[in-house]
Amino acid sequence: MHPFRKPLVAAAAAFSLAACGPQEPTPSAPAPVEDSRTPAQREAERTPYQLDGFFAQAAADFRVPADLLKAVSYTETRWEMVKGEQEFEGMPAAYGLMGLRGANVAEGARLAGVSEEAVRTQPEANIRAYAALLSATADELKLDRSEVGAWAPAVAKLSGITSADAQAEYIHNEVYNVMRLGAVAQTPAGDLAVSLMPTQVRAQFDSPRVHALATGPDYAASIWRPSPNYNARPTGTQGDVQIVVIHTCEGSYSSCWSWLTNSASGVSAHYVVNESGSEISQLVRESDRGWHVGATYDCNLNGGVMCGLQGVSVNHFSVGIEHGGFASQTSFPAGQIDASARLTCDITQGQAIVRDSYHIVAHGRLQPASRTDPGPNWPWSTYISKVQSYCGASTGIVVDSNNANNDSSKGYIEVSANWVSSTNVAGYYGSGYFAAPTAAVSDPATFWFYLPAAGTKTIEAWWTSATDRSTTAPFIIWDANGTKLATVNKNQQTGGGAWNALGTWSFPAGWNKVQLSRWTTSGYQVIADAIRVR
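Residue positions within a chain follow its written sequence, with the count starting from 1. Totals for whole chains, interfaces and linings use every residue, but because this is a predicted model, local features are given only for residues with pLDDT of at least 70 and side-chain atom pairs only at 80 or more, for both listing and counting. Calculation of side-chain values draws on the structure's entire complement of heavy atoms; hydrogens and water are dropped beforehand.

**Concerning the sheet that holds strand β23 (residues 510–516)**
Right, on to step 1. Any two strands with at least two DSSP bridges between them are considered paired. Helical segments are the DSSP runs of H or I of at least four residues, strand segments are the runs of E of at least two, and each set is numbered from the N terminus. The strand order across the open sheet formed by five strands is β15-β18-β23-β20-β21, and the pairing between neighbours is antiparallel. Strands at the two margins of the open sheet, each flanked by one partner only, are β15 (411–414) and β21 (484–490). Here the average twist between neighbouring strands, direction ignored, is 20°. Only the stretch in contact is used when fitting a helix axis, every axis being a line fitted to C-alpha atoms; angles between N-to-C directions are given from 0 to 180 degrees.

Structure representation (structure tokens):
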């Protein structure tokens, strides 16, 4: 059994009828993309290359420490070739394993004798460009090349971080801490991608200031690093906090909070979560208006909810959480997701925010013209389930139409290539849904869910409603023994954007399933969006 998922981006390009109204276009037959990766495989795909040789060669050619190159790369990107995207105005996008930005791309390319395009897109060229820059900076600062700790000022200078506190955190707690702890990455094939053996090394750089570590005013598990970039929320409904916006920094944690606390940047967020989840900074009080979304609210982008706020600045009524990392990265560390979910639970409890995918939303959903973060690999279902779980809610199992959002040990979806991935009609769960025309064929969408023990469970389904939907969409319930328990026909022209009960049945332990059949009255669409098992 293999779950399939066609990327939403590719599917969206096929929807030439999107502007004609909230109905489904005629589906094409796109090739499916298998997405049956385990969390360990997804993590392995962050570094699909064998890089030790590239680091060693660059270190030798430019007379810089190879382990220092690896530590900088791990700190910046977790050894992943990131695609540059802009998150903050005035901060250039980062590229490649070393997270090179702006003028460093051009200067690194010149010093290394490679093209700027190669620096942006090729792992070896990207490493060599940073090595060349590091070597030139060491000459400029007249560093002792024989002592690894003495390179710290050069690394700090190339980081682009201007805050002395953030530089100290970056050097001591990130780059040199990685060298002290060591790290290893494997390729998806199980080969060694990068190895950084632990080294007892001390950075010759000012230490972080202890007095800066005050507790955040709204979240006790955070550090208070106040930003000057905020103002008062408006009075009335427009100023009531109603959503949490999830961002990625498009860079490392230290560079992120440093930029957001710089008065010259003109941007901020309420919180920043580091890559491992071991540290969170609070920058703006939740009662104040942060400057993290450069768009006014369009309810059509968010499932048609909260339309009373149409045209209002999102910053008026939101709390923003930045995360160290990139929208293009292949996976997010479990520790970071966990720490962020605990934080979001706390915010939603304090601000009485609904805990669903319309009130805990992506920056890219609200500002799609210029932002994509936190990207297609943010594990939305897992994340929101964690938020609800930490807040004491029993959510059961949710199986989304996007397997990237599912915990594959608990549930996943299977569809054929005849089902088209869509975001054409608002009100979907997670990041989109599948649609297919009704027809007298055996071609269902199958939601699989796993029960570790037998139990009586209520099944609910989520869809988007429109006038072209089937009024007799057949949901077929099967148990793990292959016994058909029921067929439930639902009218998908109504009930969109909400959970709709299908019924309650007794299931055995193992993999049970809910199938949405296409075999019903012709001339309509059936919508496979998500199911919930409680």
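Picking up where we left off.
**Brief notes about helix α7 (residues 123–141)**
Right, on to step 1. Here, expected helix span is obtained from the residue count minus one, scaled by 1.5 Å. In this model α7 runs 27 Å from its N-terminal to its C-terminal C-alpha over 19 residues, within 8% of the 27 Å that 1.5 Å per residue would give.
Right, on to step 2. Burial status follows relative accessibility: with a 1.4 Å probe on protein chains alone, a residue under 20% of its type maximum counts as buried, one over 50% as exposed, and anything between as partly exposed. Here α7 lies mainly inside the structure; 14 of its 19 residues are buried.
Right, on to step 3. Of the residues trailing α7, Lys142 is marked for its positive phi of about 55°.

**Details of the side chain of Arg532**
Right, on to step 1. Its location among the elements puts Arg532 in strand β25 (residues 530–533).
Right, on to step 2. The buried category is assigned to Arg532, whose relative accessible area is 15%.
Right, on to step 3. Within 3.5 Å is the distance limit for a polar contact, defined as a pair of N or O atoms, with the added protein rule that one can donate a hydrogen and the other accept it, and that residues adjacent in sequence qualify only through two side-chain atoms. In this structure the side chain of Arg532 is engaged in a polar contact, spanning 2.7 Å, whose partner is the side chain of Glu460.

**Remarks on the sheet that holds β25**
Right, on to step 1. Here four strands make up an open sheet; going across it, the order is β14-β25-β19-β22 and the pairing antiparallel. Looking at the sheet topology across the chains shown, the edges are occupied by β14 (397–400) and β22 (499–507). For this sheet the average axis-to-axis angle between neighbouring strands, irrespective of direction, equals 20°.
Right, on to step 2. The pairing of strand β19 (residues 455–462) with β22 spans eight bridges and is antiparallel. Looking across to β22, one finds that Glu460 is bridged to Ala501.

**Examining the packing of aromatic side chains**
Right, on to step 1. Aromatic rings from Phe, Tyr and Trp, taking only the six-membered ring of Trp, are treated as a pair when their centres fall within 6.5 Å; an angle between ring planes under 30 degrees marks them as stacked, one over 60 as edge-to-face, and anything in between as tilted. Under the defined criterion, the tally for this structure stands at 16 aromatic pairs.
Right, on to step 2. Relative to Trp462, the ring of Tyr358 has its centre 5.9 Å away and its plane inclined at 25°; by these criteria the two rings are stacked. Remark: Trp462 occurs in strand β19 and Tyr358 occurs in the loop between α11 (334–351) and β13 (360–362); sequence separation between them is 104 residues.
Right, on to step 3. For the ring pair Tyr429 and Trp462, a centre distance of 5.3 Å and an interplane angle of 70° mean the geometry is edge-to-face. Separated by 33 residues along the polypeptide, Tyr429 in the loop between β16 (420–422) and β17 (433–437) and Trp462 in strand β19 bring together distant segments of the chain.
Right, on to step 4. Residue Tyr429 is classed as buried on the basis of its relative accessible area of 10%.
Right, on to step 5. Taking relative accessible area as the criterion, Trp462 reaches 6% and is therefore assigned buried.
Right, on to step 6. Taken together, the aromatic side chains of Phe332, Trp378, Trp380 and Tyr383 make up a single cluster linked through ring pairs.

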